[in-house]
Amino acid sequence: MALHVRKHKRFLHNPIRLNPPQFLALLFLFLIFVGTCLLKLPIAHEKTLSWVDAFFIATSAATVTGLATVDPGSTFTLFGEIVILFLIQVGGLGVMSFASLVVIMMGRKISIKQRVLMQEALNQPSIGGVIRLVRNLFVFSISIQIIAIFFLSLRLVPDFGVSKGIYYSIFHVISAYNNAGFSLWSDGLTGYVGDPMVNIVISFLFITGGIGFTVLVDIWVSRSWKKLSLHTRVMLLSTLIINIVAILFFYLFEFNNPKTIGMLSGAEQFWASYFQGVTPRTAGFNSIDMTAINPDTSLLMILLMFVGAGSTSTGGGIKLTTFVVIIFTVAAFLKGKENTVVMKRTIRNAVVYRALAITTISILFIFAALFIITYVQKDVSFMVIVFEVVSAFGTVGLSMGLTPDLTVIGKIVICVVMVFGKLGPLTLAFSLAKQTKDNIRYPDGEVFTG
């Protein structure tokens, strides 16, 4: 009896302790759970909504993906749409960042433990400056969204009236800035395929949100190319290059496709190519029929969705900087160099290992999801399945029409992939694995590769 009491006291004094990745993952899952329950309320939807579909939409909104098993515009009431917007905003800013903002606004101090969690959530190298980063993130995000709502309203108010036009502007601005890709129109932005105002405002928002908060803050503080950090310069330059290449290749692959841009005017072809070239890495909005794109275009988009957005951004994927590090590491190996050098700066081996780990874990996870969905969706083209899975992993939201036809198992697998893509491979890996430090140095061994 005494032994039992001692064990019971020991358990009370030593509760289960969660490391930062585990806590963030549980906090995020709790957000999805709350969103699912709210969306399932009778006041949230006008049409019949199953628990699986409610869970899917809540997951898609919280992970800022945009995939939908039902049409959001015709399925949900105003209350349901506001719930979706709340999930998008919290998921885009980050659960821990949003919670920290509430604490700051209440005038309370942020503890060291909370700062560590914020550091993990924002992918920062240290806890120094995380409070300032969160404040800047909040102020910048709200400011840019208010400005964008004003400009988008100039275009939508004449079409839908004052109240509906402003509301539609608010919804699509929040969705675009957080790279969610949710739209109240069943055909996305196809009705505005050649509209300069809509294309510029929406693309500016998701490109800005996809660059990453640390980059935006660095630009605001430094205001000089030479003073910018290496990460910021790599992100800006690589974003410019990959967007230009994507736009050109999209036009090259689709200019003679009558089902997409082949029948459009020259100006509309330009805007469609521009929009669909920059949207796959982050946003998930579509201004053309995605079910009609050519196989080479879908393959291009799969690559872009896998690469994803910037680190600490609202987007998913392995992240653009990870892709850049891997490319430069491969180039260094082929040239016989020992170190990876980017813009005359040596990249630490720890960063290279991290990039390789992120990419490897992501590929293995995607393959596992592909095996399951290919098994349960036997009547679907493999290219369509790959497109759907990678879109979920990159939290992009583009779909070739598979989402509404997914089986229950398929919907659950896609939800898991969306959460995996949002939290990041290493966050989930660290939350599951027990990290240990080796104190032993083993003799070198030879393994033949290649």
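For every chain, the first residue of the written sequence is number 1, and numbering continues from 1 onward in sequence order. Given that this is a predicted model, residues contribute local features only at a pLDDT of at least 70 and side-chain atom pairs are listed and counted only at 80 or more, while totals for whole chains, interfaces and linings are drawn from all residues. Excluded from the side-chain calculation are hydrogens and water; included are all heavy atoms of the structure.

1. What about the overall build of the protein chain?
1) Next: Counting from the N terminus, the helices are DSSP H or I runs at least four residues long and the strands are E runs at least two residues long. Regarding its fold elements, the protein chain presents 19 helices and two strands.
2) Next: With a 1.4 Å probe rolled over the protein chains alone, any residue whose accessible area is under 20% of its type maximum counts as buried; one over 50% counts as exposed, and the rest are partly exposed. For the protein chain, buried positions account for 51% of its 450 residues.
3) Next: When checking whether two residues touch, look at their non-hydrogen atoms; a contact exists if any pair is within 4.5 Å. Across the protein chain, every contact between residues at least 6 apart in sequence was considered, and the portion connecting residues at least 24 apart equals 69%.
4) Next: The protein chains shown are the only cover counted for residues, whose accessible areas, like all others here, come from Shrake-Rupley with a 1.4 Å probe. A total of about 22,700 Å² of accessible surface is found on the protein chain, and carbon and sulfur atoms cover 68% of it.

2. Digging into helix α16 (residues 349-376)
For an α-helix the count is 3.6 residues per turn, leaving residues at separations of three or four pointing the same way.
1) Next: In this scheme, a helix's expected span is set at 1.5 Å multiplied by one less than its residue total. Its 28 residues give α16 an end-to-end C-alpha distance of 41 Å, which sits within 8% of 40 Å, the value for a rise of 1.5 Å per residue.
2) Next: Burial in α16 covers these residues: V352, A355, I358, T359, S362, I366, A369, L370 and I373.

3. Here we look at the pattern of salt bridges
1) Next: Each reported salt bridge corresponds to a side-chain nitrogen of Lys or Arg within 4 Å of a carboxyl oxygen of Asp or Glu. Counting across every chain of the model gives three salt bridges.
2) Next: D159 is paired through a salt bridge with R155; the nearest N and O atoms lie 2.8 Å apart. Placement of the pair is D159 and R155 together in helix α8 (residues 130-160), with a separation of four residues, close to one helical turn.
3) Next: On the basis of relative accessibility, which here comes to 40%, the residue D159 falls in the partly exposed class.
4) Next: On the basis of relative accessible area, R155 is assigned to the partly exposed category, the value being 25%.
5) Next: Here R155 makes a salt bridge to D195, at a shortest N to O gap of 2.3 Å. Of this pair, R155 sits in helix α8 while D195 is found in the loop between α9 (162-177) and α10 (196-211), placing the two residues 40 residues apart along the sequence.
6) Next: Classification of D195 by relative accessible area gives buried; the value is 12%.
7) Next: In this structure, a network of salt bridges that share partners links the residues R155, D159 and D195.

4. Regarding helix α12 (residues 230-254)
1) Next: For α12, spanning 25 residues, the distance from its first C-alpha to its last is 36 Å, which sits close to the expected 36 Å at 1.5 Å a residue.
2) Next: Within α12, burial applies to T232, R233, V234, M235, S238, T239, I242, N243, A246, F250, F253 and E254.
3) Next: Close packing links the buried residues of α12 with α10, α11 (213-222), α13 (266-278), α14 (295-307), α15 (320-334) and β1 (340-342).

5. Things to note about the nonpolar core
1) Next: Put simply, buried Ala, Val, Leu, Ile, Met, Phe, Trp, Tyr and Cys residues joined by side-chain atoms within 4.5 Å make one nonpolar core. Membership of the largest hydrophobic core comes to 55 residues, with the highest contact counts inside it found for L39, I84, I88, F182, I202 and F285.
2) Next: Contributing elements (two or more residues each) for this core: α2 (20-40), α3 (51-62), α5 (78-93), α8, α9, α10, α13 and α18 (408-423).
3) Next: Excluding its chain neighbours within four sequence positions, the residues that come into contact with I84 are L39, I57, A61, F76 and F182.
4) Next: If you look at the next biggest cluster of nonpolar residues, it comprises 38 residues, including I318, A369, I373 and V396.

6. Some points on a nonpolar patch on the surface
1) Next: The grouping of W225, L237, L240, I241, I244, V245, L248, F249, Y251, L252 and F255 at the surface amounts to a nonpolar patch, some 1,000 Å² of accessible area in total.
2) Next: Relative to the elements of secondary structure, F249 occurs in helix α12.
3) Next: By relative accessible area, F249 is classed as partly exposed at 37%. Exposure above 30% relative accessible area and no salt bridge define the residues that can form patches, which grow by joining like charges within 9 Å and nonpolar side chains of Val, Leu, Ile, Met, Phe, Trp and Tyr within 5 Å.

7. Overview of unusual backbone geometry
What you tend to see is this: most non-glycine residues have negative phi, and most peptide bonds are trans.
1) Next: Its identity as a non-glycine residue notwithstanding, M343 has a phi of 55°, on the positive side.
2) Next: By the element assignment, M343 lies in the loop between β1 and β2 (345-347).
3) Next: Of note in the backbone geometry, T395 takes a positive phi value of approximately 45° without being a glycine.
4) Next: Among the structural elements, T395 can be located in the loop between α17 (382-393) and α18.

8. A closer look at the packing of aromatic side chains
1) Next: When the centres of two rings from Phe, Tyr and Trp lie within 6.5 Å, Trp using its six-membered ring, the rings pair. Their planes under 30 degrees apart give stacked, over 60 give edge-to-face, and anything left gives tilted. Going through the model one piece at a time under the given rule, you end up with 15 aromatic pairs.
2) Next: On the numbers, 5.1 Å between centres and 35° between planes, the contact of F160 with Y168 is tilted.
3) Next: Relative accessible area serves as the criterion here: at 28%, F160 is assigned to the partly exposed category.
4) Next: Residue classification places Y168 among the buried positions, given a relative accessible area of 12%.
5) Next: When the ring of F206 is compared with that of F275, the centres are 5.7 Å apart and the planes differ by 80°; the resulting orientation is edge-to-face. Within this pair, whereas F206 is found in helix α10, its partner F275 is found in helix α13, the two being separated by 69 residues in sequence. The exposure classification of F206 matches that of F275, with both residues buried.
6) Next: Ring pairs connect the aromatic residues F160, Y167, Y168, F171, W185 and Y192, which therefore count as one cluster.

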